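Geometric and topological summary
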Amino acid sequence: MAGGNAIRGSRVGAGPMGEAERGDAAPRRRVSYWCANAHETQPSFAFDSGSEVPETWDCPRCGLPAGQDQANPPQAPKTEPYKTHLAYVKERRSESDGKAILEAALAKHRAKRGL
């Protein structure tokens, strides 16, 4: 005798379902996007009067932004390298400013200690 499971080999939602039981699919339109590496992506969007198609789409193959103009795809975003705290300080202060701040801090410290 078998295991006694009446729905063996079946899953929820399985069966002879068609459009009549699920309902009609919304009308769709496919839009082509191209990235700087010439990859084409064609996502589909609902075709109704209220929806707008985005100008750019991320390429699923390389991650670069893709646009609808094949001849002029969007450029890759510029990424700046990681900066240390010292690099940011050097952008704001000159070396002479740094020396003056250091001398003021040392003088304050020496005054507290009585040196």
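That block above? That's the structure.
Read on for an overview of the structure. Just so it is clear, the structure is predicted and the values come from calculations on it, not from any experiment. (Residues numbered from 1 in each chain as written. Predicted model: local features only at pLDDT ≥ 70, side-chain atom pairs only at ≥ 80, totals over all residues. Heavy atoms only, no water.)

Comments concerning the overall build of the protein
Scanning the protein for helices and strands turns up three helices and six strands. The N-to-C order of helical and strand elements in the protein reads α-β-β-β-β-β-β-α-α. Expressed as a percentage of its 115 residues, the buried residues of the protein come to 12%. The long-range share in the protein, meaning contacts at least 24 apart out of those at least 6 apart in sequence, stands at 30%. When the accessible surface of the protein is totalled, it reaches about 10100 Å², and 52% of it is carbon and sulfur. (Helix = DSSP H or I, 4+ residues; strand = E, 2+ residues; numbered from the N terminus. Buried < 20%, exposed > 50% of the residue type's maximum accessible area, 1.4 Å probe, protein only. Contact = heavy atoms within 4.5 Å. Areas by Shrake-Rupley, 256 points an atom, 1.4 Å probe, with all protein chains shown as cover.)

Quick look at the nonpolar core
V31, Y33, C35, F45, C59 and A66 form the largest nonpolar core, which has six residues in total. Every residue in contact with C59, bar those within four places of it in the chain, is listed here: C35, H39, T41 and L64. (Core = buried A, V, L, I, M, F, W, Y, C linked by side-chain atoms within 4.5 Å.)

A look at the environment of A26
Along the chain, the position of A26 falls in the loop between α1 (19–22) and β1 (28–30). Along the primary structure A26 and A46 are separated by 20 residues, whereas in three dimensions their C-alpha atoms are 6.6 Å apart.

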